[in-house]
Amino acid sequence: MKAITLREGKERSLLRQHPWVFQGSIAKGGADSGETVRVQAQDGRFLAWAAFSPASQIRARAWSFDEAERIDAAFFARKVQQAVAFRARLAIDSDGIRLVHGEADGLPGLVVDRYGDLLSAQFLSAGVERWKDVIADALVAATGCPYLYERSDASVRQLEGLAPVTGWLRHPPNPAGGTDGGQDTPRRTTEVAIHENGWQLTLDVAEGHKTGYYLDQRDNRGLFARLVRQLGCKTVLNCYSYTGGFSVAALEGGATEVTSVDSSGPALARAQAHVVMNGYEASAHITLDADVNGSLRQFLKEGRRFDAIVLDPPKFAPSAAHADRASRAYKDINRLAFMLLNPGGLLLTFSCSGGINADLFHKIVAGAGMDAGVDGYLLRRLEATSDHPTTVNFPEGEYLKGLAIVRK
Ligand code: SAH
């Protein structure tokens, strides 16, 4: 077994069971991409079993802090079962569920979402890349889902020195000869329907963003439907709408005119389909294929106002190093949203940037309100759904934060 030895004092975070070893903490030792190494303190004391990643700043990610543990197929089967069993206990009323959420589930770099009878996975670290086959078998065994699609095309794979990979990872064999006289039955389509908050939604695991959909906003979409109804919001602006989850929520809440803005045409087409599929008038929903920032300025120029606005932008700050520029970008869209909100109107504003914590986000939004000359009641602090857990030892895992505000 290969070992890496840390510099003096660099063992502290591992002793608190924080799973990352940074490049600068290592005194000596190395291994191949994804290979299991023994991480030890300068005096040789065992700290963790970890996956080595020669290209990454995060040079090793811990599998286990127990010296007696063996990192083998049985280990991954246990980890996957534990993650799946936790979700079962959450009793989530949807068939779109995050089953594995990376570090929080002891599987650094692995993301697995279940959509109906289909699994969609991202292998984003050298360690899970190396154990991919074993993990794929464990996922199928633990869930009974026979279809596993791989979406390892996120840009963070570059940091691990890994090329993008997409395609079926597990798919039951097609019956020989098929059912239509000689031809193979086609492979399962990558399109799938799920239900969420009582709505019908569709996605394509091959074409959609990330694994296909943003499950982390499930509860916030449900909350939005309730608040729109409670506050009597009629005109709603859903910025960065993707496939219109918050737009369907607004319609359920009694909104009569919902505008979805996104820069992805296919996402907007699906948003429109979702509106109709859920029984709402197509004419109650307007889609705008445009940049949100420009659209907000345009609305302001036109004197438009809304009863409710959702701001759910992509990650402006992938790490703390980008926090400054990202802060200005968040402040700007929030300032514009405050100005576009009718008095008494509802703002749901989010950041999914790991580099911006909840306190900083609150400060940014406060600054935006100040600049807009608008104050509001803070109804609620928002976070990701419980199937995207954070653990006690790994606060960096927390990424999605938001505020529900009612304008004074
Ligand atoms: N609220 C959505 C998820 C939003 S993800 C949901 O509940 O499912 C962020 C979205 O922002 C993506 O759909 C992406 O296409 C869009 N996007 C990114 N940059 C944009 C920009 N500058 N203007 C408009 N949309 C943008």
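For the structure itself, look to the data block above.
All of these numbers come straight from a predicted model, not from anything done at the bench.

## A closer look at the pattern of salt bridges
And step 1. Enumeration according to the criterion identifies 24 salt bridges in this entry.
And step 2. Put simply, Glu-160 and Arg-61 hold a salt bridge, and the shortest N to O gap is 3.0 Å. In this pair, Glu-160 sits in the loop between helix H5 (156–159) and strand E11 (165–170) while Arg-61 sits in strand E6 (residues 58–64), placing the two residues 99 residues apart along the sequence.
And step 3. You can call Arg-61 buried: its relative accessible area is 13%.
And step 4. With a closest N to O distance of 3.2 Å, Lys-331 and Asp-371 form a salt bridge. With Lys-331 in helix H10 (residues 323–340) and Asp-371 in helix H11 (residues 358–372), the pair connects residues that are 40 residues apart, well separated along the chain.
And step 5. Residue Lys-331 is classed as partly exposed on the basis of its relative accessible area of 30%.

## Details of the sheet that holds strand E5 (residues 46–52)
And step 1. With respect to topology, six strands assemble into an open sheet ordered E2-E6-E5-E4-E1-E3, the strand pairing being mixed. Each edge of the open sheet carries a strand with a single partner, namely strand E2 (20–22) and strand E3 (26–28). Adjacent strand axes in the sheet meet at a mean angle of 40°, parallel and antiparallel pairs treated alike.

## Looking at the site of the ligand
And step 1. Every one of the 15 residues lining the ligand counts as a neighbour, but Arg-221, Asp-262, Asp-291, Val-292 and Asp-312 are closest to it.
And step 2. Here Asp-262 contributes a side-chain N or O atom positioned 2.6 Å from an oxygen atom of the ligand.
And step 3. Interatomic distance of 2.8 Å between a side-chain N/O atom of Asp-291 and a nitrogen atom of the ligand.
And step 4. Relative to its free-state accessible area of 580 Å², the ligand is covered by the protein chains to the extent of 88%.

## Overview of the packing of aromatic side chains
And step 1. Counted by the stated rule, this structure contains 15 aromatic pairs.
And step 2. Where Trp-20 meets Phe-394, the ring centres are 5.0 Å apart and the plane angle is 70°; that geometry is what we call edge-to-face. Of this pair, Trp-20 sits in strand E2 while Phe-394 is found in the loop between strand E19 (376–383) and strand E20 (401–407), placing the two residues 374 residues apart along the sequence.
And step 3. Feature note: the residues Trp-63, Phe-75, Phe-76 and Trp-131 constitute an aromatic cluster, connected by ring pairs.
And step 4. In this structure, Lys-132 packs its charged tip against the face of Phe-123, placed 5.4 Å from the ring centre.

Cut-offs applied
Residues numbered from 1 in each chain as written. Predicted model: local features only at pLDDT ≥ 70, side-chain atom pairs only at ≥ 80, totals over all residues. Heavy atoms only, no water. Salt bridge = Lys/Arg side-chain N within 4 Å of Asp/Glu carboxyl O. Helix = DSSP H or I, 4+ residues; strand = E, 2+ residues; numbered from the N terminus. Buried < 20%, exposed > 50% of the residue type's maximum accessible area, 1.4 Å probe, protein only. Pairing = 2+ DSSP bridges. Axes fitted to C-alpha atoms, helices over the stretch in contact; angles between N-to-C directions. Near = heavy atom within 4 Å. Polar contact = N/O pair within 3.5 Å; in protein donor to acceptor, adjacent residues only side chain to side chain. Areas by Shrake-Rupley, 256 points an atom, 1.4 Å probe, with all protein chains shown as cover. Phe/Tyr/Trp six-rings, centres within 6.5 Å; stacked < 30°, edge-to-face > 60°. Lys NZ or Arg CZ within 6 Å of the ring centre and 35° of its normal.

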